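Working through the structure, step by step
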Amino acid sequence: MSLYSNITPNANLVAPKPIAKSGKVYDLMYYLKGSAAGGICCSITHGALTPVDVVKTRIQLDPVKYNSGLVGGFKTVIAEEGTGALLTGLGATVGGYFVQGWFKFGGVEFFKINIVKSIGDERAWELKTPIYLASAAAAETIADIFLCPLEAVRIRSVSDPEFCDGLADGFVKMLKSEGVGGFYAGIGPILFKQVPYTMAKFAVQGAAADAIYGATGSTPETPPAIGNLGVSLGSGVIAGVAAAIISHPADTLLSLVNKAGAGGDGPIFTRLMNIAGEVGIVKLCTNGLLPRCVMIGSLTAGQFGIFDTVMGALGASKFHFHNPADKK
C-alpha cells in the first residue's frame, strides 16, 4: 500500500490527513518551513564563508597576482586592502543566498515529495537518485533566476572594491551603467555551475546518508551514535567536495564574465567562449579549486546540519524516502 494512499483527491490541500505509517503531514506549512530553513542555512553558511569566497574569487580573476594559494591570498588581500576587504560583498551574499536557499531547499522538498506521491513508494524507492537529480535541477533553475542579480553585484564588488558602497549602491550603479541585462550577464554560467552543483549535492548527500545509515544498521527514526545531525554533517562534506569539483569550471567562468571588459564585446556566449579560450580548460578546472573544495565542503555540511536543526526547531520532520519492504 502506498505511503500516500490515505490522501484522497478531495483532501484539503492546506491541511491534508496525516500519512498513515508515519503520521507526518507534507502540506503548505511544511514547504514554507522547508523554504525558511533553506534560506536560513544558505545565508548563514555563505555569509560565514565570505572571506574564503573573496580570496577564491580574486585567485580566479587574477591568478598571476594571487599565485601563493589560499593562505597567501588572504595575506595579500589583508596587506593591500585591510581586514575589512575580506567582507566585501557580504550584504549581497547573505541576501542573495537567503533567496536562493528559500527556493532551492524548499523546491527540492516540494518536487521530490510530489514525485513520490505521483509514482508511489515502491517505485520512488527504486528511483531515489533520479528523483533527487530532477528535483534539484528544477528547484535550482528557479532559485538562480532570483540569485543572478545579487551574484552579479557581489562579484563586481569583489573584483573592483571601489565599485560600490554596499548592495543597494551596487544595484543602482549596475542598473545605470549596464541596464537590466547586466544583472543577467552571468545567467548562462550560473545555471551551468549551479544546476549540476545542486544535482550532485543532493544526490550525493542522499546516497552518502543512506550509506552511513546502512553501515551503522540505523535509520532516521532510530539514528546511530553520531545522531542524525552527525549523519547530515558527514554526508554533507562528501557531497560538497563532489559538487565543488563538478561545478568548478563554470564557477571560474562566472567570476570572469562579471569582471568589467572580460571576454570582449558581443553576446554572452561569445564572451564565455573567448574567456574559455584565453584561460584554457586546465586553468578553468584548477584555478582556485582547493579553496573552493574547502569552502563548499564546509558550506554544504553546514547547510544540511543547519537545515535539519531549523526544521526540527520549527516542528517539522524532514521527508525521507521509505522502503515499503522494511518491516515496521
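About the thresholds
Residues numbered from 1 in each chain as written. Predicted model: local features only at pLDDT ≥ 70, side-chain atom pairs only at ≥ 80, totals over all residues. Heavy atoms only, no water. Helix = DSSP H or I, 4+ residues; strand = E, 2+ residues; numbered from the N terminus. Rg over C-alpha atoms; globule rule 2.2 N^0.38 Å. Contact = heavy atoms within 4.5 Å. Areas by Shrake-Rupley, 256 points an atom, 1.4 Å probe, with all protein chains shown as cover. Axes fitted to C-alpha atoms, helices over the stretch in contact; angles between N-to-C directions. Left-handed = near helix turned anticlockwise from the far one by under 90°. Nonpolar A, V, L, I, M, F, W, Y, C, P; charged D, E, K, R; others polar. Patch = residues over 30% accessible without salt bridge, like charges linked within 9 Å, V, L, I, M, F, W, Y side chains within 5 Å. Salt bridge = Lys/Arg side-chain N within 4 Å of Asp/Glu carboxyl O. Parallel < 35°, antiparallel > 145°, perpendicular 65-115°, else oblique. Expected span 1.5 Å × (residues − 1). Bend = angle between axes of the 7 residues up to and from the residue. Buried < 20%, exposed > 50% of the residue type's maximum accessible area, 1.4 Å probe, protein only. Core = buried A, V, L, I, M, F, W, Y, C linked by side-chain atoms within 4.5 Å. Polar contact = N/O pair within 3.5 Å; in protein donor to acceptor, adjacent residues only side chain to side chain.

Observations regarding the overall build of the protein chain
Secondary structure summary: the protein chain contains 13 helices and zero strands in total. Listing every helix and strand of the protein chain by position from the N terminus yields α-α-α-α-α-α-α-α-α-α-α-α-α. The globule rule puts the C-alpha radius of gyration for 328 residues at 20 Å, and the 21 Å found for the protein chain is close to it. Projected onto its principal axes, the C-alpha positions of the protein chain cover 60 × 40 × 35 Å. Taking as baseline every contact in the protein chain between residues at least 6 positions apart, the subset at least 24 positions apart corresponds to 74%. For the protein chain, the exposed area adds up to about 14400 Å²; of that, 67% sits on carbon and sulfur atoms.

Thoughts on the packing of helix α1 (residues 28–48) against helix α4 (residues 90–119)
Where α1 meets α4, the closest approach of the two axes is 6 Å, and the angle between their N-to-C directions is 145 degrees. Taken as a pair, α1 and α4 cross one another with a handedness that is right-handed. Here the contact of α1 with α4 is built from residues that sort into 15 nonpolar, eleven polar and three charged.

Structural notes on a nonpolar patch on the surface
On the surface, Ile 142, Ile 145, Phe 146, Leu 175, Val 180 and Tyr 184 cluster together into a nonpolar patch covering about 530 Å² of accessible area. Here the nonpolar patch takes three residues from helix α6 (residues 128–159), the largest share from any one element. With respect to the helices, strands and loops of the structure, Ile 145 is situated in helix α6.

Considerations on the packing of α6 against helix α9 (residues 187–215)
Between α6 and α9, the least distance of the axes is 8 Å, while the angle of their chain directions is 140 degrees. In terms of axis orientation, α6 runs oblique to α9. Between α6 and α9 lies a crossing of right-handed hand. Contacts from Lys 128, Thr 129, Tyr 132, Leu 133, Ala 136, Ala 137, Glu 140, Thr 141, Asp 144, Leu 147, Cys 148 and Glu 151 in α6 reach Ile 187, Ile 190, Leu 191, Lys 193, Gln 194, Val 195, Thr 198, Met 199, Phe 202, Ala 203, Gly 206 and Asp 210 in α9.

Notes on α6
Taking 1.5 Å of rise per residue, 32 residues should cover 46 Å, yet α6 covers just 40 Å from first to last C-alpha, more than 12% shy of that figure. The sharpest bend along α6 comes to roughly 45 degrees, located at Leu 147, with the proline Pro 149 sitting one to four residues further on.

Topic: the pattern of salt bridges
A side chain with one charge may pair with a side chain of the opposite charge, provided their charged atoms come close. Inspection of every chain in the model, using the stated rule, returns nine salt bridges. Across the pair Lys 104 and Glu 140 runs a salt bridge, and its minimum N-O distance is 3.7 Å. Taken together, the residues Lys 104 in helix α4 and Glu 140 in helix α6 connect sequence positions 36 residues apart. Its relative accessible area of 1% is what places Lys 104 among the buried residues. You can call Glu 140 buried: its relative accessible area is 0%. Linking Asp 308 and Lys 318 is a salt bridge whose minimum nitrogen-to-oxygen distance equals 3.6 Å.

As for helix α10 (residues 227–257)
Between its first and last C-alpha, α10 extends 43 Å over 31 residues, near the 45 Å set by a 1.5 Å rise per residue. The largest bend along α10 reaches roughly 55 degrees and is located at His 248, with the proline Pro 249 sitting one to four residues downstream.

Describing the nonpolar core
Grouped together as the largest cluster of nonpolar side chains are 30 residues, with contacts concentrated most on Tyr 30, Phe 105, Phe 202, Phe 319 and Phe 321. Counting residues per element, the ones that place at least two in this core are α1, α4, α6, α9 and α13 (289–313). Looking at this core, the element that brings in the most residues is α6, giving seven residues. Not counting the four nearest positions on each side in its chain, Phe 321 is found in contact with Val 116, Ala 124, Trp 125, Lys 128, Ile 131 and Tyr 132. By size, the runner-up hydrophobic cluster in this structure holds ten residues, among which are Leu 49, Val 52, Tyr 197 and Ala 243.

Some thoughts on the environment of Val 99
Tracing the chain through its elements places Val 99 in helix α4. Using a relative accessible area of 25% as the deciding quantity, one classes Val 99 as partly exposed. In this structure, the C-alpha to C-alpha distance between Val 99 and Met 174, residues 75 residues apart in sequence, is 20 Å.

Re the side chain of Arg 58
Along the chain, Arg 58 turns up in helix α2 (residues 50–61). Looking at Arg 58, its side chain comes within polar contact range of the side chain of Glu 81, at 2.7 Å. Among residues more than four places away in sequence, those in contact with Arg 58 are Pro 63, Tyr 66, Val 77, Glu 81, Val 158 and Pro 161.

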